[in-house]
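The primary structure of each chain is shown beneath.
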Amino acid sequence: MIVHKMKSELLNGKAEQFYDFMIEPNDAAYSNWLPEHRQYHIVKRGKNSPVGDVVFFDQNISPKHRLKSYAKIIVANRPNEIVVQCKKMKLNVPVYVGLKFTDTENGLVLEEELRAGYKGIGKILDPIFSLFAGKKFRNALTLHHKKEWKELEKILQGSEK
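Along each chain, numbering runs from 1 in the same order as the chain's sequence is written. Local features in this predicted model are restricted to residues whose pLDDT is 70 or higher, and side-chain atom pairs enter the listing and the counts only when it is 80 or higher, whereas totals over whole chains, interfaces and linings include all residues. Where side-chain values are given, they derive from all heavy atoms of the structure, hydrogens and water being excluded.

A. Inspection of the nonpolar core at higher detail. Only buried Ala, Val, Leu, Ile, Met, Phe, Trp, Tyr and Cys residues count toward a nonpolar core, and they belong to the same one when joined by side-chain atoms within 4.5 Å. When a residue's accessible area, from a 1.4 Å probe over protein chains only, is under 20% of the maximum for its type it is buried; when over 50% it is exposed; and in between it is partly exposed. Core analysis: the biggest nonpolar cluster contains 38 residues, and Phe18, Met22, Trp33, Phe101 and Trp149 have the highest contact counts within it. Any two residues whose heavy atoms approach within 4.5 Å at even a single point are treated as in contact. In this structure Met22 touches Trp33, Tyr40, Ile82, Leu99, Phe101 and Trp149, once residues within four positions along its chain are discounted.

If you want it as structure tokens, here you go:
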């Protein structure tokens, strides 16, 4: 299993603001966040919304790497945690993105984790995930993480004024 963790400290961030922004996505706000962001919106509401909501996201994380997928929200603990499971061709795949937001004295600690692969016997298929999430991809993802969350901090600070 591939597990890639990233962490940022945002001095003026607040967990509730970040959670709300991510749980109620819309394309206009998402594309204004960064030029590399194309789309992020709810495709279908779940019975226990936001858990069960299906979202679509499309973003370039580098000139050579693009993330484009549907994902189902499987965890939504306001204001501290969101986890989505990616989908391909309407099937759940073992790719998860988790966000944790923790308020501190100085602002916000934001942790992002990408998990790809199977547990048990299915892990024999994990080399397939390495083709898509190799070292270059993970390095690009880390750089994008630092850039995007810092930029969102600025946007959310501007919306408070």
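Structure shown, so let's carry the discussion forward.
B. Representation of a nonpolar patch on the surface in the model. Where nonpolar side chains cluster on the molecular surface, the patch consists of Tyr118, Ile121, Ile124, Leu125, Ile128 and Phe132 and spans about 680 Å² of accessible area. Look at Ile121 and you get exposed, because its relative accessible area is 74%. Patch members must show over 30% relative accessible area and no salt bridge, and they are joined within 9 Å when carrying like charges or within 5 Å when they are nonpolar side chains of Val, Leu, Ile, Met, Phe, Trp or Tyr. All accessible-area figures derive from a Shrake-Rupley calculation using a 1.4 Å probe, and residue coverage is judged against the displayed protein chains alone. For this analysis, a salt bridge means a side-chain nitrogen from Lys or Arg found within 4 Å of a carboxyl oxygen belonging to Asp or Glu.

C. Main features of the sheet that holds strand β2 (residues 37–44). A sheet is described by the order of its strands in space; here 7 strands give the open sequence β1-β7-β6-β5-β4-β3-β2, paired in antiparallel fashion. Taken across any chain shown, the strands that pair with only one partner, and hence form the sheet edges, are β1 (2–10) and β2. Mean inter-strand twist for the sheet, computed between neighbouring axes without regard to direction, equals 25°. When DSSP finds two or more bridges between two strands, those strands count as paired. Here a strand is any run of E in DSSP of at least two residues, a helix any run of H or I of at least four, and the numbering for each starts at the N terminus. As paired strands, strand β5 (residues 81–88) and strand β6 (residues 91–104) are joined by 7 bridges and run antiparallel to one another. Counterpart to Lys87 in the pairing with β6 is Asn92. Together, β1, β2, β4 (65–77), β5, β6 and β7 (107–116) form the strand contacts of helix α1 (residues 15–23), whose direction differs from that of β6 by roughly 155°. Axes, fitted as lines to C-alpha atoms, cover a helix only where it is in contact. Angles between the N-to-C directions of the axes lie from 0 to 180 degrees.

D. Just unusual backbone geometry, in detail. Following Ser49, the chain continues to Pro50 via a peptide bond in cis, the omega torsion being 10°. Checked against the element boundaries, Pro50 lands in the loop between β2 and β3 (54–62). Although it is not a glycine, Met89 adopts a positive phi angle of roughly 50°. Mapping Met89 onto the fold places it in the loop between β5 and β6.

E. Here's a closer look at the packing of aromatic side chains. Here the aromatic set is Phe, Tyr and Trp, taking the six-membered ring for Trp, and pairing holds for ring centres within 6.5 Å; pairs whose planes are under 30 degrees apart are stacked, those over 60 apart are edge-to-face, and all others are tilted. Taken as a whole, this structure holds 7 aromatic pairs when the rule is applied. Ring centres of Phe18 and Phe101 lie 6.3 Å apart, and the angle between their planes is 45°; on these two criteria the pair is classed as tilted. Of this pair, Phe18 sits in helix α1 while Phe101 sits in strand β6; the two residues are 83 residues apart in sequence, bridging distant segments of the chain. Ring pairs connect the aromatic residues Phe18, Phe21, Tyr30, Trp33, Tyr40, Phe101 and Trp149, which therefore count as one cluster.

F. Representation of the side chain of His145 in the model. One can find His145 in helix α4 (residues 135–160). On the basis of relative accessibility, which here comes to 0%, the residue His145 falls in the buried class. Those residues in contact with His145 that sit more than four places away from it in its chain are Met6, Lys7, Ser8, Leu110 and Glu112.

G. Just the pairing of β6, in detail. Hairpin remark: β5 followed by β6, antiparallel, with 2 residues in the connecting loop; positive phi at Met89, about 50°. Across 10 bridges, β6 lies against β7 in antiparallel orientation. Across the sheet, residue Thr102 finds its bridge partner in β7, namely Val109. Between the antiparallel neighbours β6 and β7 lie 2 residues.

H. Structural detail: the pairing of β3. Of all 9 residues making up β3, 9 are buried, and the element is well covered by its neighbours. Sheet topology note: the β2/β3 ladder contains 6 bridges and is antiparallel. Residue pairing in the sheet places Tyr40 in a bridge with Phe57 of β3. As judged from the 8 bridges shared by β3 and β4, these two strands associate in the antiparallel manner. Directly across from Phe56, in β4, lies its bridge partner Tyr70. A loop of 2 residues connects β3 with β4, the two strands running antiparallel in sequence.

Note that all results are geometric; they support no functional claim without further evidence.
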